[in-house]
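Structure at a glance
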Amino acid sequence: MAPSGPNRMTLAPPMAASEPHRQTQDEEARLRLENRRLREQAAWFGADEFLELEAARWRHVDPGDRVAEVERLCSLIPYWQALPSFPAQPPPSPPAEVMAVLREIKAQADAYRRRG
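Structural notes, computed from the coordinates. (Residues numbered from 1 in each chain as written. Predicted model: local features only at pLDDT ≥ 70, side-chain atom pairs only at ≥ 80, totals over all residues. Heavy atoms only, no water.)

What follows covers the pattern of salt bridges. Considering all chains together, one arrives at eight salt bridges under this definition. Across the salt bridge formed by Arg-36 and Glu-40, the nearest N and O atoms sit 3.7 Å from each other. With Arg-36 and Glu-40 both in helix α1 (residues 20-45), this residue pair falls four residues apart, about one helical turn. Here Arg-36 falls in the partly exposed class, since its relative accessible area comes to 46%. Residue Glu-54 pairs with Arg-57 through a salt bridge whose shortest N-O separation is 3.2 Å. One end of the pair, Glu-54, and the other, Arg-57, are both in helix α2 (residues 48-58), three residues apart, so they sit about a helical turn from each other. Using a relative accessible area of 27% as the deciding quantity, one classes Glu-54 as partly exposed. (Salt bridge = Lys/Arg side-chain N within 4 Å of Asp/Glu carboxyl O. Helix = DSSP H or I, 4+ residues; strand = E, 2+ residues; numbered from the N terminus. Buried < 20%, exposed > 50% of the residue type's maximum accessible area, 1.4 Å probe, protein only.)

Have a look at this one:
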């Protein structure tokens, strides 16, 4: 017996071969929605409010734990690169200045850990 009522699942009828324009329109509508969602996410992640909330979350965390979290996130890179939708070419290496800053942060965190 097929389910009935507000919780029943209904499937869209199969698309006829004579309706390719409908498929294109459906795909375009889906892409418009996805693009809007991505624009909203980008706006949120770039908003001052998000940055303030993120900074507040880490304000009272010791430097060693901050570095550990960065290391944990960096360890996830191979996983994301292995996903089929990830770009085939890895991103370029960070500039030497960035690497120098990261090494300095790590050295400070290591010194902080040694102090106890």
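Per the counting criterion, the structure on display carries two aromatic pairs. With a centroid separation of 5.5 Å and an interplanar angle of 70 degrees, the aromatic rings of Trp-44 and Phe-50 are classed as edge-to-face. According to the relative accessible area criterion, Phe-50 is buried, its value standing at 17%. Where Phe-45 meets Phe-50, the ring centres are 5.0 Å apart and the plane angle is 85 degrees; that geometry is what we call edge-to-face. Note on Phe-45: relative accessible area 47%, which makes it partly exposed. Three or more aromatic residues joined by ring pairs form one cluster here, namely Trp-44, Phe-45 and Phe-50. (Phe/Tyr/Trp six-rings, centres within 6.5 Å; stacked < 30°, edge-to-face > 60°.)

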